[in-house]
Amino acid sequence: MLTQEGSGAALELAGAEEADEFAAVARRETPRLLAVAHSVLDDAGAAEDAVQDTLLLAWRSWASLRDPARRQAWLVRICVRRCLRVRRTLVLRARREDGGEALLEGRLAVPAQLDGGPIDWAAAYRRLSPAQRAVVTLHYHHGYSLDECAEALGRRPGTARRHLARALDKLREEARR
Amino acid sequence: MSDEFDSGLRAWLAHRERVAAAVTSPDRVVARVESALAGGAARARRGGASVRWVAPGAAMLAVAALLVAVIAGSLGLRSSHSNPAPARPQLPGRPWIDGPVPTTPPPAGVALAWVRDPRDQDRAIAFDWTGRPAGSLRLPKDGAGFPPSFWTSPDGQRLVITAPDGTTLWVETAQGRRLATLPPAQGATSHMRNSYPTSFAGDDDTLCQERYDVGQPGWVAAPRTLVVLRSDGSVMHSFAEAPPGAPASLFWSLASCDAAANTAVLVAEHNDPPRTQTFTTTTSSSRSGSRGATGVIGISGSFSPGQQWVAMVRVVRLSDGVETDRHVYPEGTIRTVRGVHGGSWIVEQPLHGETAQVRDLRTGRAVPVALPGEAIPLDSTRLEVEVPGHDGHGHFSDDITVLDWRRSSVVLHTVIPAYNDGTILAPDGTALLVGYGTLFMACGGSVDDWVMVDQNGRTIPLTRGTCRHS
């Protein structure tokens, strides 16, 4: 509880520094967070909502994160978990709408393959669960280790490995068609 | 995992990141965070508390207010506290698809952009230029199964709609009141679905219509008569597009039409051997001579077995068809000529190379402009350039730039991860509606959607389409 005018002034000073720092990190990390969110949700509006929620959640606990080196991973972790939750909400909402789930799946295919190349990546990627998409994206595109993927998902490393293995099985299966 | 599979997966993920970058906006997200935190600060202030004498939670809200200032300052974002009257369109934070779809007609007196509802081909949706849906209109059912077509006036308050026979046109207000029924195309049959090309003549009351016999062989290149109409259907003026004694090897069509300037620009293309129709017209998009394209999806076209080039441009008075200016081009040099409302300038794109010329018809002076793609005049100073892309793996994209050619500056730029179905420029030129279609192998059809792009390149989705088989 702040009851001293002097303490309040100190907090304001500290808050300004934190705000400055947070603004810089938010500006730097938002494109990456949007890429991760979009890879899981495949919906621009939902991805932006998820990243917005991520930043607001992060700001709420910003002062508690003392190690600047871990901020990026921390933000990605919040973002991925948020996306998985948003995805569940979208699926539930879509099921209540007319043809909603099929529509939601349709959104996950932007853009689709047109020329009959060797692998229809859009169709293959669409077969992955949100968690599998997250692991594939983080591991193959962002260079995360499986342990880091597990941390981002809030799951055990073995679970992340299983997600990746199943994702690759599905993708290979599509490749063999 | 094979190298091919591995590299293919990485390429796909990289492509998806580019898609994400194209359809999302970091600036918008940060601005929304700013707005959310500012709301908290405002609530704290309304409570009358001082940050120095209240609990830490409220103090945090005050810190949030500082954050707002820092973010706004460092990112150069507009803050509603510092700039309550922004000049540019303020895009909504969320796509309207999260809200109810209005089924009532839009209000009068509001500038509107009309698009076909991607989820209901028989309905048109009006957006205002903040990106919010303003209303909708039920389009007449087409007995032949084609989606009905429509064109709109520059302010979006009047529409020209194909009647159920596919060849008669209705003029209606945005509120659905019928103003006129225009005559069916000469020679049209029920299976042809040909209506006369019709566009608003720069204002919201005058129409220019090209009339010709659509029943004769090679009808695409049939001699055309330009008819100037009021929106109540009354004919004001009428004259042949080709000048007296013009050779039959030239195909004349309308490039632009403007009632206020009393001017039409007519283009003659080399047409020997004659071009012929190859597939059915289902489109209402009208790029030349109108403000962008209306939101209608379809295909149409003609085919010329020989080389095409523009041979001549005529500028005529709308009131009597008298020629006031003429430009003749050397054989095989100019691919297209497109005009802008008012007939004040045209853009001449070459048959070979990227250096086009923008010609001021009032002075005759031509300015060379590097245009890597198809150019579409939009208004008195702006033109749109589209560069379609394909990554070789079935992924299409369309790079869209709006240029101010007089100032040599880029007004808008965006890349859509699909093929472009049409664009509509805001009346003040500060925002662009872009329609795009994506083919989905999964559903065996395509999904069409509309996004709005502002001057900062920010893109928001306006619609959420469903799979369409056509």
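Just so it is clear, the structure is predicted and the values come from calculations on it, not from any experiment.

(A) Spatial organisation of the overall build of chain A. Along chain A, the regular secondary structure elements total eight helices and zero strands. Listing each helix as α and each strand as β along chain A from the N terminus yields α-α-α-α-α-α-α-α. When the 177 residues of chain A are sorted by exposure, 45% land in the buried category.

(B) Quick look at the sheet that holds strand β18 (residues 334-339) of chain B. Residues and elements named next belong to chain B. With antiparallel pairing, four strands are arranged side by side in an open sheet as β18-β19-β20-β21. Both edges of this open sheet fall to β18 and β21 (366-370), since each of them pairs with a single strand only. On average, adjacent strands in this sheet sit at an angle of 25 degrees to one another, irrespective of strand direction. With five bridges joining them, β18 and strand β19 (residues 345-350) adopt antiparallel strand pairing.

(C) Inspection of unusual backbone geometry at higher detail. One non-glycine residue, Asn262(B), lies in the positive phi region at around 55 degrees. With respect to the helices, strands and loops of the structure, Asn262(B) is situated in the loop between β12 (250-258) and β13 (263-270).

(D) Highlighting the packing of helix α6 (residues 130-141) of chain A against helix α8 (residues 157-176) of chain A. All names here are of chain A. Running from N to C, α6 and α8 point in directions that differ by 90 degrees, and their axes come no closer than 9 Å. As far as their axial angle goes, α8 and α6 are roughly perpendicular. For the pair α6 and α8, the contacting residues are Ala131, Gln132, Val135, Val136 and His139 in the first and Ala160, His163, Leu164, Arg166 and Ala167 in the second.

(E) Quick look at the sheet that holds strand β16 (residues 310-317) of chain B. All names here are of chain B. One open sheet holds the four strands; their spatial order is β12-β13-β16-β17, and the pairing between them is antiparallel. The strands lining the two open edges of the sheet, one partner per strand, are β12 and β17 (323-328). Recorded for the sheet is a direction-independent mean angle of 20 degrees between the axes of neighbouring strands.

(F) Up close: α6(A). Residue and element names in this part refer to chain A. With twelve residues, α6 extends 16 Å between its outermost C-alpha atoms, agreeing within 8% with the 16 Å of an ideal straight helix rising 1.5 Å per residue. Here α6 lies mainly inside the structure; nine of its twelve residues are buried. Within the span of α6, buried status applies to Pro130, Ala131, Gln132, Arg133, Ala134, Val135, Val136, Thr137 and Leu138. Looking one or two places after α6, you find Gly143, whose phi comes out positive at around 75 degrees.

(G) Structural detail: helix α7 (residues 146-153) of chain A. Residue and element names in this part refer to chain A. Listing the buried residues of α7 in full gives Cys149, Ala150, Ala152 and Leu153. Seen from one end, α7 has its buried residues packed into an arc of 160 degrees, which puts them on one side. Positive backbone phi, approximately 75 degrees, marks Gly154, located one or two places after α7.

(H) Summary view of the pairing of strand β6 (residues 169-173) of chain B. Residue and element names in this part refer to chain B. With five bridges connecting them, strand β5 (residues 158-162) and β6 associate as antiparallel partners. Each bridged residue has a counterpart across the sheet, and for Arg158 the counterpart in β6 is Thr173. Connecting β5 to the next strand, β6, in antiparallel fashion are six residues, including Gly166 with a positive phi near 80 degrees. Judged from the four bridges that link them, β6 and strand β7 (residues 178-182) form a sheet pairing that is antiparallel. Directly across from Val171, in β7, lies its bridge partner Ala180. Counted along the chain from β6 to the antiparallel partner β7, the turn is four residues long, and its residue Gly176 has a positive phi close to 95 degrees.

(I) Spotlight on the packing of α7(A) against α8(A). Residues and elements named next belong to chain A. Their axes nearest at 8 Å, the elements α7 and α8 cross at an angle of 100 degrees. Taken together, the axis directions place α7 and α8 in an arrangement best described as roughly perpendicular. Residues Leu146, Asp147, Cys149, Ala150 and Leu153 of α7 lie in contact with α8, whose contacting residues are Pro157, Thr159, Ala160, Arg161 and Leu164. Class assignment of the residues belonging to the contact of α7 with α8 gives a composition of seven nonpolar, one polar and two charged.

What counts, and where the lines are drawn
- Residues numbered from 1 in each chain as written.
- Chains lettered and ligands numbered in written order.
- Predicted model: local features only at pLDDT ≥ 70, side-chain atom pairs only at ≥ 80, totals over all residues.
- Helix = DSSP H or I, 4+ residues; strand = E, 2+ residues; numbered from the N terminus.
- Buried ≥ 20, exposed ≤ 12 C-beta atoms within 10 Å, placed from the backbone.
- Pairing = 2+ DSSP bridges.
- Axes fitted to C-alpha atoms, helices over the stretch in contact; angles between N-to-C directions.
- Parallel < 35°, antiparallel > 145°, perpendicular 65-115°, else oblique.
- Contact = placed C-beta atoms within 7 Å.
- Expected span 1.5 Å × (residues − 1).
- Arc of directions from axis to C-beta.
- Nonpolar A, V, L, I, M, F, W, Y, C, P; charged D, E, K, R; others polar.

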